[in-house]
Each structure stands twice: as C-alpha cells, then as structure tokens.
Amino acid sequence: MEIPVFVEKFLDLVEEKVAKHELNEGKGKWGQNPEEDSSFLEAVNRISKLTSSLDGLRSDPNHAALISRIGGIQQRAMACLEDEFRFTLEDIKHNDQDPNTDAKGKQHEADRCVLPESESAETDNFLGYSDDAVSKLNRIAKEMIGGGFESECCHVYMMIRGHAFDECFAEIGFEKISIDEVQKMQWEALEREIPLWIKAVKEYASIYFVKELKLAEAVFSNYSSISSSLFSNLTRSVLIQLLNFAEAVAMTKRSAEKLFKFLDMYETLRDSLPAMGALFSEEYENELKTESTTARCRIGEAAICMFCDLENSIKSDTGKTPVPGGAVHPLTRYTMNYLKYAGEYIATLEQVFREHSKIERADSTSRPRYESESQNFNNDNDEENQSPFSNQLVRVMDLLDSNLEAKSKLYKDIALSCIFMMNNGRYIVQKIKGSTEIRQMMGDPWCRRKSSELRNYHKNYQRETWSKLLGCLGHEGLQVNGKVIKPVLKERFKSFNVLFDEIHKAQSSWVVSDEQLQSELRVSITAVVIPAYRSFMGRFSQYLTPGRQTEKYIKYQAEDLETYIDELFDGNSASGARKRP
C-alpha cells in the first residue's frame, strides 16, 4: 500500500499546531479564536482517523517510522486536549468572583461547589460552567474518546468533579468522618455534625446531583453510557460517605435524649434519597435503594430502642425522697415534656414503630409487645386495633402513673399525698391537652378517666383535711336539755383554732403550681369551711361572755379564715395563722 506524499506535509502542519499548544500559546485561549479552535480539533480528528486507517500496516516495516510518527503526534495532541479539558473543568466562572483574584485564588474558587439558594434558581445551569465552556468540553471529550483516549478523558473528569464534591462538603461544613471516628466522638460533638449531615443529604439529593447529571450528560452527550457511568461513580462515593455516617451514628451508645436527632436523620433518609432514584440507571437505583433502606432501618431500630429507654428510665426512678410540698415530680416533667416533643414527630414515630417494632422487641429490655398484662393499659380500646406506637405510648403513661402512685406513699400525710397526685395528674393532663397529636393518640376516654381520678384525689384530700376541722363545728354534744354547755363550747372553739393553725402552717408550705388547680382547691375549701363557721358562730358565739372570753376562744372571724385559706399552697413556710389584730 502506497501512502501519499501529502500525508507527511499534513503531519508537519499538525505537529506545528501541537507545538504551539505545547508552548502554552493556545492554552486558555480557546474561545478567543473559534476558527483556530475548530482547526486544531479538526486536525486531531484527522490524526485519529489516519491512525485508525493505518492500523493494519503496523506490522509492515516499510511504514513503521511513519506510523510511529503519527502515533507520537496523536499522543502529543491528545495531551494538549487533556490539559485543555482539565483547565476548562477547573475554570468555573462565578458571578461574584473578584477579577483581581490571583491564579492560586482562582484555582481555589474553581474547586468550590456553589449551590443556589433554592432548587428553582436559574443561575449556573451547569454548576458554574458557561454554555461555551460546556460546548468546548463536549467537543474535546468527543475527540478524545473517538481517538481512543476515553480512559484519560474520564480520569480527568472524575478527578476534577470529585474534588468539587469534596469542596461541596467543605462549603456545607460537613466533614468526612470515618465510622471509627464517629464511634469515638462525644455526643455533644456528634450532635453538632448531624444537622450538617442533614443539610448535605438534602442539598446533594435535591440540587447538586441533579445539576451534576445535567453536566455529565451535556459534556458526554454523544456517549450516554459513559455519562451515566461517570455520574454514578461520582455520586456513589458521596452517598457511601453519607450512608456510612448514618449507620455509624446508629451504632453509637443509645439514650432517650438522642431520639429526636435520630428521627431527624430518619426523615432525611426517608424523604431525600428516594427522589434520587430517577437520576440513576435501574441497576444502580436498586443498589442505592438497598443501601439507603439498610441505613434507614438501622436508624429506625435505634430510635425505637431509645423511645423504649423512656420506659426503663421511669422504672429505674426509685428514689425514696419525696418532693417537698407535694410538687410536680421531676420525672413527670421530664416524661411529659419528652412526649410533648415527640408529638411533633408523631407521623414519623408511627411509621418507625410500624415498620421496625418487631425487630426492636427482640432485644428490648421492656416487656413483650403483646404480653397479657398490656391488656389493662387501655380499657377503652382494643389494643390489637391500636398502632404499635400508640400502644407504646399507653405503656409509658401507665408506668408513669404506677411510679407516681408509689412515690405518693412516701408522704406520711395522706392529704399531702393527694396533693402530690393532683399536682402531677393535672400536669400530665395539661401536657396531653397541649399536644393535639398526643391527645388524639391517647383518646378522649383516657383524658376523661384521668380527670375523674383527679376529682377523686380532690375528694380524698377534702375528707382527710377538712372533715376533721368541720367536726369541731358540729352541734352534737353541745346541748343538754336545751341548754348549751359552755365548757364543751369553749373546747370546740379551742380545738378548731388549734387544728386550723396546724393546717395553715402545714399547707401554706405545700405547693400547687397550677393556678387553676390552686384556685379550685381554695374555692372548694372556702365553700365548705366558711358557711359552716359562720353558722356555728352565729348560733353559739352569744353564749361566750363578751370581752376576755370572746377574745380567748373566738380567734377568727369568717373573713380572717378566707384570707388564710387564700395563703394555702403557695409553698411558703409559715409559723401559723396570725392573730386577728
């Protein structure tokens, strides 16, 4: 086969163009002279075709030198294209970039991942690359791949865009942390990382991956399989990093306080990752679904164990020191505020318990899910018809009630134990009513039953405290044959004064922090004591000799009693009821 003489002349021309680029005269100048750009790319295209055409003559010693020369020129030309491809990928244009930025600063800016404020933002359709830059990348990629330099082209693309992904992590503030590092982190530090992780997942899933796919498809528009492969490989490393963090967090030591951060992570995995499925090939989509589901399940299982730890914290609170004044117990405050906060995640908790509760019961320290004793937890509803989370919530409330009942027995004064149960019961009811979600789960029958219990405690308190005082105002034994026995009358007044002083002294130090409950108690006390005292005074005070006798035995007027009753349950230490001035 004879090779035309003009081939040598053609090679001289191409070599001259390549040499010019190698001297850096052309690098970074693309776009300034479109004809020169097209001429160089056309030359490279012809070299590639010439190389392909003469491939069968490689074994012919008569053409070895020429073929070697052609191959050398092609290598040099492709190296120029590779440099230009790399330079263009690195040279991302930013609207806010200072034109006076030095080369080093420009390079740093080029690697930054700039995300728009929202998904609807129209700026930087190709992650900061202009349409001209994308067009140039597309033409270079086409010539490199067509000339047999696919691996070099893809390597440069993966390297530069991989750096961009790393910079995107840095922009968000989320650091790449290994599983071992997560395991060693204190919760306070890890707690600060989780919101950054959530932000990273959401922004990658909803914004950055979409734009990254668009860029890959535009640069490699002639090679859909290559663009799909590059995109999948780039995003896979990011997703593995994000999913590994989630699984590492799921393996950390569990405690009830961590629940809500875990639920935030669960919601992020549930809501963000599935939307990415359409961006990938079917094979990779299935792989992503499997890996993300695994991470989500582990977070879900951990969340269930944490909520069940609430049971254990209630069970383990066996302190024998009663709360001063019968006030709301810290355990009640902690539990109810925890549940109120949980109400904000009610839909997620329902889903978590529904999908992962069977797994949780295998290693839970709490009782089996449908143990027979649980049938007593909710008499108004068939438990089998309730959601797993609803059942769990009822168990927690039942355990809290039992614990408080035991703590009420620590008070020697039965009346004070009733105040304690009223305080805690009212606090529980108010918190339940304050959370629409939790109230719906507990149900109105539960709230009515709880209110009925509070009324019973109120009645018991009245009976234990004020029935004794009212006994001093009874008429029995005061008269014989229609005559009032003055010594007995004096003793009645004296006993009333002493007993009221004792009650006032004790119960003014008791605590009822709920203003409505405090008012209800004072009103009910006034309603039974004041009329009885007025009646007793109106009928029998006349039998005492005015002056010293009256002052000695009639210590209070009805108005004084009303004033002192209004001082009850303020939590103030009092020395006793003051004498009427």
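All values reported here derive from a predicted model rather than from experimental measurement. (Residues numbered from 1 in each chain as written. Predicted model: local features only at pLDDT ≥ 70, side-chain atom pairs only at ≥ 80, totals over all residues. Heavy atoms only, no water.)

Chemist: Would you mind going over the packing of aromatic side chains with me for this structure?
Modeler: The relation between two aromatic rings is expressed through the spacing of the ring centres and the mutual angle of the planes. In this structure the tally under the stated criterion is 32 aromatic pairs. With a centroid separation of 5.9 Å and 35° between ring planes, the pair formed by Phe-165 and Tyr-204 is classed as tilted. Pair noted here: Phe-165 is in helix H6 (residues 150–172) and Tyr-204 is in helix H8 (residues 187–219), with a separation of 39 residues, a long-range link. With relative accessibility at 2%, the residue Phe-165 sits in the buried group. By relative accessible area, Tyr-204 is classed as buried at 1%. Seen in terms of ring centroids, Phe-307 and Phe-389 are 5.2 Å apart; in terms of plane orientation they differ by 65°. Their pairing is edge-to-face. Residue Phe-307 is found in helix H11 (residues 282–316), and its partner Phe-389 is found in helix H14 (residues 388–408); the two are separated by 82 residues along the sequence. You'll find Phe-307 and Phe-389 in the same group, each marked buried. One aromatic cluster is present, formed by Phe-165, Phe-169, Phe-174, Trp-197, Tyr-204, Tyr-208, Phe-209, Phe-231 and Phe-245 through successive ring pairs. (Phe/Tyr/Trp six-rings, centres within 6.5 Å; stacked < 30°, edge-to-face > 60°. Helix = DSSP H or I, 4+ residues; strand = E, 2+ residues; numbered from the N terminus. Buried < 20%, exposed > 50% of the residue type's maximum accessible area, 1.4 Å probe, protein only.)

Chemist: Could you clarify how one ought to interpret the environment of Tyr-223 in this entry?
Modeler: Relative to the helices and strands, Tyr-223 resides in the loop between H8 and helix H9 (224–250). Among the residues examined, Tyr-223 registers a relative accessible area of 22% and is labelled partly exposed. Residues Tyr-223 and Ala-141, 82 residues apart in the sequence, show an inter-C-alpha distance of 9.5 Å.

Chemist: Help me understand the pattern of salt bridges, please; the structure alone is not making it clear to me.
Modeler: A pair can form between side chains of opposite charge whenever their charged atoms are brought close. All told, the structure shown has 22 salt bridges when counted by the stated rule. Among the ionic pairs, Asp-271 bridges to Arg-270, the shortest N-O distance being 2.7 Å. On the basis of relative accessible area, Asp-271 is assigned to the partly exposed category, the value being 47%. Taking the relative accessible area as the measure of exposure, Arg-270 reaches 22% and is therefore partly exposed. Notably, a salt bridge pairs Arg-534 with Glu-559, separated by 3.7 Å at the nearest N-O pair. (Salt bridge = Lys/Arg side-chain N within 4 Å of Asp/Glu carboxyl O.)

Chemist: I keep staring at unusual backbone geometry and nothing clicks. Help me out?
Modeler: As a rule of thumb, non-glycine residues mostly have phi less than zero, and peptide bonds are mostly trans rather than cis. Unusually for a residue other than glycine, Phe-569 sits at a positive phi of about 70°. Look at Phe-569 and you get buried, because its relative accessible area is 1%.

Chemist: Is there a simple way to explain the packing of H6 against H8 in this structure?
Modeler: Working note: a packed helix pair is described by the angle between its axes plus the distance between those axes. For the pair H6 and H8, the least separation of the axes is 11 Å and the interaxial angle reads 155°. Between H6 and H8, the crossing angle belongs to the class labelled roughly antiparallel. Like other packed secondary-structure pairs, H6 and H8 cross with a definite hand, here right-handed. Residue-level inspection shows Tyr-157, Arg-161, Ala-164, Phe-165, Cys-168, Phe-169 and Ile-172 of H6 in contact with H8, the latter providing Leu-196, Lys-199, Ala-200, Glu-203, Tyr-204, Tyr-208, Phe-209, Glu-212, Leu-215, Ala-216 and Val-219. Its residues assigned to classes, the contact of H6 with H8 comprises 14 nonpolar, no polar and four charged. (Axes fitted to C-alpha atoms, helices over the stretch in contact; angles between N-to-C directions. Parallel < 35°, antiparallel > 145°, perpendicular 65-115°, else oblique. Left-handed = near helix turned anticlockwise from the far one by under 90°. Contact = heavy atoms within 4.5 Å. Nonpolar A, V, L, I, M, F, W, Y, C, P; charged D, E, K, R; others polar.)

Chemist: Sorry, what's going on with the nonpolar core here?
Modeler: A general feature of soluble globular proteins is that nonpolar side chains tend to end up buried together. Membership of the largest hydrophobic core comes to 166 residues, with the highest contact counts inside it found for Phe-85, Tyr-204 and Tyr-461. Looking at this core element by element, the count peaks at 16 residues for H8. Beyond its immediate sequence surroundings of up to four residues, Tyr-461 is in contact with Ala-415, Cys-418, Ile-419, Met-422, Trp-466, Gln-507, Trp-510, Leu-521, Ile-525 and Phe-569. (Core = buried A, V, L, I, M, F, W, Y, C linked by side-chain atoms within 4.5 Å.)

Chemist: Please explain the packing of helix H12 (residues 330–342) against helix H15 (residues 414–434) as it appears in this structure.
Modeler: Two elements in contact, H12 and H15, have axes separated by 10 Å at closest approach and are oriented at 10°. One way to sum up the angle between H12 and H15 is to call them roughly parallel. Touching Thr-332, Arg-333, Met-336, Asn-337 and Lys-340 of H12 are Asn-424, Tyr-427, Ile-428, Lys-431, Ile-432 and Gly-434, all from H15. Considering only residue class, the contact of H12 with H15 consists of four nonpolar, four polar and three charged.

Chemist: For this particular structure, what's the right way to read the confidence of the model for the protein?
Modeler: Do not read the fine detail of predicted coordinates wherever pLDDT is low. Per-residue pLDDT for the protein has a mean of 81; in total, 80% of the residues score no lower than 70. Across residues 94–124, where pLDDT falls below 50, the model places 38 contacts with residues more than four positions away in sequence or in other chains. Note on residues 574–581: pLDDT is under 50 here. Beyond four places in sequence and across chains, it has 22 contacts. (pLDDT = per-residue confidence, 0-100.)

Chemist: Can you walk me through the environment of Ile-172 in this structure?
Modeler: Position of Ile-172 among the secondary structure elements: in helix H6. According to the relative accessible area criterion, Ile-172 is buried, its value standing at 7%.

Chemist: What is the right way to look at the state of the cysteines in this model?
Modeler: For the structure shown, the criterion picks out zero disulfides. As a non-bridged cysteine, Cys-154 has Cys-153 as the owner of its nearest cysteine sulfur, 5.4 Å distant. Judged by relative accessible area, which is 13%, Cys-154 ranks as buried. (Disulfide = S-S within 2.5 Å.)

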